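Summary of the model geometry
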Amino acid sequence: MSTGVSEPTSRGRSAWRLKRLRGADVARLVASWALSFLALLLTAELLPGFTYDSWVPLAVAAAVTGVVGMVVRPVLVQLSALIGWLAVALATLFGQAVIMQLALALVPGAQFDSFWTAVAASWINAAFGTLLAWLMSAGTDESFVVGLLRLPAAEVADRDVDGVVFVQLDGVSFPVMQWALQSGTMPTLRRWVDDGSHEVREWTVQLPCTTPASQQAVLHGTSDGVPAFRWYDRELGRVLVANHPQDAAVIEARASDGRGLLADDGVSISNVFSGDAPRAAMTMSRLEPTRGSRRTRRVVAHFLLRPDGLSRSLYRTLAEVVRERFQAVRQVRLRVYPRVHRSWTFAALRAFSNGLLRDLNTEMVAEEMMRGARSVYVDYVDYDEVAHHAGATRIESLAALTGLDRVLAALEQVAERAPRRYHFVLLSDHGQAQGEPFASRYGTELSELCASLTHSETTGVEGSVEGWGRVDSVLEDIKPTGSDSAGTKATRLVDRRIKPEETADGADLVVLGSGNLGLVYVPGPERLSLEEIEARWPSLVPGLAGHPGIGFVAALGSRGPVVIGEKGRHELVSGVVEGDDPLLPFGDHAAGMLLAATLMGRAPDLYVNSALDAGTLEVGAFEPLVGSHGGLGGWQDRGFLLTPTGFTPTGPLVGGVQVHHHLVGILDSLGHRTSLRRSVP
């Protein structure tokens, strides 16, 4: 029975497994050589500058290329990591050509007439090789998994301590996970559950239901100070955006106590925050402002310099773009509603997150497992990216989960060869709700509505920027030193998409959208009370609360936080309700969650939550998204937690802070964090 973790084995069983693996490796080598030979033969037939006497030297050259590549490729990887982004790019473009040129120099009977012919041959050969491998493997990820299984295993002194791999499936709600397990969309996870090795539970996400708030809570044990995905920071006098590296560093510095979830030899990969991990890659809060990570460049170079790496990424990127454009047109043709415009820009972002970023994340996790890291936390954003624009329950969004299931199957195989036993813990940071965007349905942005009600100068920041941050995390982490580098210029282009508004100079109001949660700030050193807002702009709160697309407005009144709807109000401290309770459609937990959010020191002057359709559970995002999260309504506050049996929570988990304590308890039970406990006075 498979448990989803690597099991200790006896010496006899280990020897038998080693023999079996050696046999499999021989078979893979033979298959790899045959494919390389066929690709080389096709390349030679296509390129006039590539001459050969017979097929024999090509067969030998295919084998020699593999051997030379084993020697030269690690050297190129290390040089790329040392020099920087430009070296990675050059090695990607010309590295395989150098390897082929050296290999043919050792084989009589085959030659290139110039280095540029070698460059063309390397690309054509890689394309043919990828196509042939794909045809032979029926479209599976076998070649990628084989590459992961070739990673060397390190010796660890504390191999009796089990490791944990925390996998965050961004945006996957508990109901969606239930559907995926029932429908066969995620066969690996279904096997784990059926075998009894894992159990899945629901947890209630705090308000705001966003990745920054949840990750700070799960990784650092507090959600305080994160009122949304982006907000106006009174202390700094500007808008903070959580997926901007400099801002993420500021946010984490405020929350970290040095004892985060990953503080004991943990690794943070592709997250917003680090959890105090000693090592981090593509993590927003830990991206160096002047130079990217040498380790990240090494992993990127290792992946892209493999014959199947760059070609695989290019093929999958192209396939994902074509798939996205076809699905976007199909939604329009079938008149699917609600929907949003799905641009070519989104197609590129989707291809990045579901292609290159997924592979890089998996490569890095596998490398850390083979290194013997005690804990790894990685965020896969595939489903979340697609669901934002396609819809949380649409076929293309759910299909992204199948790709993530294949990732888990690959990591499961890596765990079988890792130097320590690993347990897999899966969780989501939030769910998603669906619905037509507020501006699309009512013909006005939230900021425009506020401006019309107050007749004041209003700055609105309501564009969707979440996907751009993921691109930024990779570009920032591989860029070299120097402000004039190509990598730095690329990150500046992305920065302009992430942070269109940095300050609120001259504005009376700053209005921001975070999914279906709106934030209204009055710039200044102090937050205004409800009474002060009503005195300054008498029509603002009644106008917002009475709008058909708004469910409620929350503010800090003289008797504590109060929630105001069109026909009633709810005082959150006393529980007194006047008229119709505006929180009634949002569930019994809504009052407690909103109380904590409204009392937060960095909370806005007004929280504005969109209306909820009780029949369809649809909401209206204040960003141009059909699938959204941030406020209350629908499935966005219904996260899932899948843990090994024996590590399942015994009671309900409400908020990311409780999830943090549960995950820390898992690490404690496995013998982690002993040095952290000793350091406590």
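Residues numbered from 1 in each chain as written. Predicted model: local features only at pLDDT ≥ 70, side-chain atom pairs only at ≥ 80, totals over all residues. Heavy atoms only, no water.

**Focus: the packing of aromatic side chains**
- For the structure shown, the criterion picks out 6 aromatic pairs.
- Aromatic side chains Phe 438 and Tyr 442 sit 5.2 Å apart centroid to centroid with 45° between the ring planes, which places their arrangement in the tilted category. In this pair, Phe 438 and Tyr 442 both sit in helix α15 (residues 438–442), 4 residues apart, roughly one turn of the helix.
- A relative accessible area of 1% means that Phe 438 is categorised as buried.
- Cluster of aromatic residues (ring-pair linked, three or more members): Phe 438, Tyr 442 and Phe 622.
- A cation over an aromatic ring shows up here: Arg 325 above the ring of Trp 344, its NZ or CZ 4.7 Å from the ring centre. (Phe/Tyr/Trp six-rings, centres within 6.5 Å; stacked < 30°, edge-to-face > 60°. Helix = DSSP H or I, 4+ residues; strand = E, 2+ residues; numbered from the N terminus. Buried < 20%, exposed > 50% of the residue type's maximum accessible area, 1.4 Å probe, protein only. Lys NZ or Arg CZ within 6 Å of the ring centre and 35° of its normal.)

**What about unusual backbone geometry?**
- Note that the residue after Leu 207, namely Pro 208, is joined by a cis bond; omega there is 5°.
- Inspection of the secondary structure puts Pro 208 in the loop between β4 (198–204) and α8 (211–220).
- We note that Asp 265 has phi near 55°; this positive angle belongs to a residue other than glycine.
- Mapped onto the elements, Asp 265 comes out in the loop between α9 (245–255) and β7 (266–269).
- Taking the relative accessible area as the measure of exposure, Asp 265 reaches 25% and is therefore partly exposed.
- A positive phi angle, close to 65°, is found at Asp 276, a residue other than glycine.
- With respect to the element layout, Asp 276 can be found in the loop between β7 and β8 (279–281).
- Classification of Asp 276 by relative accessible area gives buried; the value is 15%.

**Overview of the environment of Leu 398**
- Tracing the chain through its elements places Leu 398 in helix α14 (residues 395–417).
- Those residues in contact with Leu 398 that lie beyond four places of it in its chain are Val 176, Trp 179, Thr 185, Tyr 383, Ala 392 and Thr 393. (Contact = heavy atoms within 4.5 Å.)

**Some remarks on the nonpolar core**
- Ranked by size, the top nonpolar core spans 62 residues in total, and within it Phe 166, Leu 261, Tyr 377, Leu 594 and Leu 663 carry the most contacts.
- Here this core takes 5 residues from helix α22 (residues 656–669), the largest share from any one element.
- In this structure, Tyr 377 is in contact with Phe 166, Gln 168, Gln 215, Val 218, Leu 219, Leu 261, Leu 262, Val 267, Ser 268, Ile 269, Asn 271 and Leu 427, ignoring residues within four places of it in sequence.
- Counting residues in each nonpolar core, the second largest holds 52 residues, with Met 364, Val 378, Ala 387 and Leu 404 among its members. (Core = buried A, V, L, I, M, F, W, Y, C linked by side-chain atoms within 4.5 Å.)

**Here we look at the sheet that holds strand β13 (residues 509–514)**
- Across the sheet, 8 strands lie side by side as β12-β13-β14-β19-β15-β16-β17-β18; this open sheet has mixed pairing. Both edges of this open sheet fall to β12 (458–461) and β18 (577–579), since each of them pairs with a single strand only. The sheet shows a mean angle of 15° between the axes of neighbouring strands, taken without regard to direction.
- Summarising the sheet, strand β14 (residues 517–521) and strand β19 (residues 606–610) pair through 4 bridges and their orientation is antiparallel. Directly across from Val 520, in β19, lies its bridge partner Leu 606.
- Helix α16 (residues 446–454) rests against β12, β13, β14, β15 (550–557) and β19 of the sheet, and its axis sits at about 150° to β13.
- Relative to β15, helix α21 (residues 590–599) is tilted by about 50°, and along the sheet it contacts β15, β16 (560–564), β17 (568–571) and β19. (Pairing = 2+ DSSP bridges. Axes fitted to C-alpha atoms, helices over the stretch in contact; angles between N-to-C directions.)

**Considerations on the pairing of strand β10 (residues 422–427)**
- Counting buried residues in β10 gives 6 out of 6 residues, a clear majority hidden from the surface.
- Every second residue of β10 is oriented toward a common face, with Tyr 422, Phe 424 and Leu 426 on one face and His 423, Val 425 and Leu 427 on the other, all of them buried.
- Here strand β3 (residues 163–169) pairs with β10 via 6 bridges, running parallel. What sits directly across from Val 164, in β10, is His 423.
- Looking at chain direction, β10 and strand β21 (residues 638–644) are connected through 2 bridges and run antiparallel. Note on β21: the bridge partner recorded for Leu 427 is Leu 641.

Spatial relationships are all this shows, so hold off on functional conclusions.
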